[in-house]
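Below, each chain spelled out in residue letters.
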Amino acid sequence: MTREQIFGELSGVFEEVFGRPVELGEETTADDVEGWDSVMQVMLIVASERQFDVRFESSEIANAANVGEFVTLIESKRG
Amino acid sequence: MPREVPLRLSIGAEHVRRFADASGDRNPLHLDESFARQTPYGRCIVHGALVTIAALGRADANALACAQTIDIQFKQPVFPGEAYPVTCTEADERTRVEVTMAGLPVTTIAVVSDRGAPPLSPASQSWTRAHPSSPRSYGIGDLRDEPVSFSVPYGCRLDLLESLAADLGAAGVPTGLLAWLSAASFAIGMLVPGRDAVFAGARIAPSSSDASGTLGVSVTTADDRTGLVVVEAALRHGELSAQMTLNAFLRPTTPAPDRSTLGRHLAPSSNLAGRNVLVIGASRGLGAALSGAFAMQAATVWAAFAESADRAGKLRREFGAERIRLLQFDATDSDQSRRAFDKVRAQAGGLDAVVLCAAPPPFETALHPDGLPAMLDYVSASTAMALIPLTQALPLLSPEASIVVMSSAALDEVPKGWPHYVVAKAALEGAATYCAHHTAARVLVVRPPKMWTDSTNTPLGRIAAVPVEQVAAAIVSRIAADSAPPGLSVLTSEQLIER
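Keep in mind that this is a model prediction, so the values were computed, not measured.

J.: Explain the nonpolar core here, please?
T.: Side chains of nonpolar character tend, in soluble globular proteins, to be buried together. Residue and element names in this part refer to chain B. Core analysis: the largest hydrophobic core is formed by 103 residues, its most contacted members being Ile-53, Ala-183, Ala-184, Ala-187, Val-231 and Ala-248. Beyond its immediate stretch of four places on either side in the chain, Ala-187 contacts Leu-215, Val-217, Val-231, Ala-233 and Leu-246. Residues Leu-266, Trp-302, Val-354 and Leu-428 belong to the second largest nonpolar core, which totals 75 residues.

Structure (structure tokens):
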């Protein structure tokens, strides 16, 4: 799966969790998206795990600085 | 054109009791102060479903009457008796209602309507079923390991819900919607996860069923790292039927420190034999770990606590009645504090250390005019919990006694949502500096990192939290070493963790 494909599927995950389309870029952070708080972070993580068939460690759940880093993490998990 | 209606809602404890009666959701987080005190909120909170009803009272009743989906997110607790601004924006078939505090979202509700669709059911007869008086209780392991899916008879008192909604200015909320929210609240608070649930959000859509008065629940996600539980629920009752996806967090019990968990960080010794140490806030969290750690060094610990007698009793049983002397009083009450210290003076003569560990539970807020009353109350309560017992302790302190002031690593890495906490801890450090200059005591300021306590027992709060035993061991070792000169010293977060 290419990085672009991961971004595309991740957009679907964000839309499902937030109930609306969310514009995502490499540098997008929680501060850029209205409503992206700690509860939504957990929902995004769990939905992403289901979408990409990966599992994150507890320490990884709160740590990704932006969407680009999160995509890199998914890439590394998928190997 | 979008329509914005700025208003406030305020829901009293009596409204909460009425909603519990009408819906059957008697979860103790809403009704039992002693239970709620041991949660991150520190006191009872309003049912999220009741907040939703009151907030929807600000929306256009015609839009609600033909609702096709309702999305709700409960982001912060609503406390009884406090006033919260509500904004309502309506455009096309979409209605968005937001409850805020200090400019931060507390509850957000998005309703999608279809004005061409038949309206939701008008007022119906109540259909009631006997509700259990106490909730079921699941652990995250129960839900993760075994599929949980069942159905129960369910009914609610629509007449009571309608009069409650009217009293909250929400008479325009359709009866069907009241039934859905009532059932959603019951499903999470009483069925699954039940007792230790925190309702986080819901997506509700009307459905149809010939069945009468059942509520089915099925767990589809149970995440053991964060406690997230997703429940698919179906209310089946003719034209009031609805399909719901409900999100909740399951709050695990905060572990109580014992000899075994403390022993991993601190070997038992008699280094503090004959010393009298008074710990304020001793029944739970770091205070309990400190009391146990001092007891394991053979000190006599005067364990002061306000409310959690069950936890305090457990502490004494674990570390021995000969080491732990319980003192129950409210540290913010001058008269109660004076009487408690009179008892210490009579029985111990004096004190070799006083540890100021009590603090009110923090909450998310912002530097905002609406947040100031709660912020000032917090700083006042936090300061009183330290200064009232400190002033009583000063005359009892032996030469070169220790005063331990619990600050926080939040003064180094400042969390955005906790301005009140940072101000309160800075005030305590100010008091410590004063004592270092104008008393003979050794004053130790401690800046612990995030620990797993009742106050941080949230989905992300537990992640990367340090055990209270580790922090307690570092503090007690420093006191036992007896090497610090009179004056002020600071134990930083890094020093506490590196041991």
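J.: Any chance you could explain the sheet that holds strand 15 (residues 351–356) of chain B here in plain terms?
T.: Consider a sheet: its strands pair through backbone hydrogen bonds, and that pairing is either parallel or antiparallel. All names here are of chain B. Pairing within the open sheet is parallel, and its seven strands lie in the order 14-13-12-15-16-17-18. At either margin of the open sheet sits one strand with a lone partner, and together these are strand 14 (324–328) and strand 18 (487–491). Taken pair by pair, the neighbouring strands of this sheet meet at an average axis angle of 20°, ignoring direction. For strand 17 (residues 442–446) and strand 18, the ladder comprises five bridges, and the chain directions are parallel. For Leu-444, the partnering residue across the bridge sits in strand 18 and is Ser-489. Packing against the sheet, helix 15 (residues 468–481) makes contact with strand 15, strand 16 (397–406), strand 17 and strand 18, and its axis sits at approximately 150° to strand 18.

J.: Just checking my understanding: could you explain the domain arrangement of chain B for this structure?
T.: One frequent convention defines the size of an interface as the accessible area lost when the parts assemble. When the domains of chain B are assigned, the result is domain 1 (3–115 + 143–250) and domain 2 (259–498). Here the side of domain 1 of chain B that touches domain 2 of chain B is built from residues that sort into eight nonpolar, eight polar and one charged.

J.: So what exactly am I meant to see when it comes to the interface of chain A and chain B here?
T.: In this assembly, 13 residues from chain A lie in contact with 16 residues from chain B. Those elements giving two or more residues to the side of chain A that touches chain B turn out to be helix 2 (38–52) and helix 3 (58–61) of chain A. With six residues, helix 2 of chain A is the single largest residue contributor to the side of chain A that touches chain B. Taken together, the residues of the side of chain A that touches chain B break down into six nonpolar, six polar and one charged.

Rules of the game
- Residues numbered from 1 in each chain as written.
- Chains lettered and ligands numbered in written order.
- Predicted model: local features only at pLDDT ≥ 70, side-chain atom pairs only at ≥ 80, totals over all residues.
- Core = buried A, V, L, I, M, F, W, Y, C linked by C-beta atoms within 7 Å.
- Buried ≥ 20, exposed ≤ 12 C-beta atoms within 10 Å, placed from the backbone.
- Contact = placed C-beta atoms within 7 Å.
- Pairing = 2+ DSSP bridges.
- Helix = DSSP H or I, 4+ residues; strand = E, 2+ residues; numbered from the N terminus.
- Axes fitted to C-alpha atoms, helices over the stretch in contact; angles between N-to-C directions.
- Domains from an automatic or database assignment.
- Nonpolar A, V, L, I, M, F, W, Y, C, P; charged D, E, K, R; others polar.

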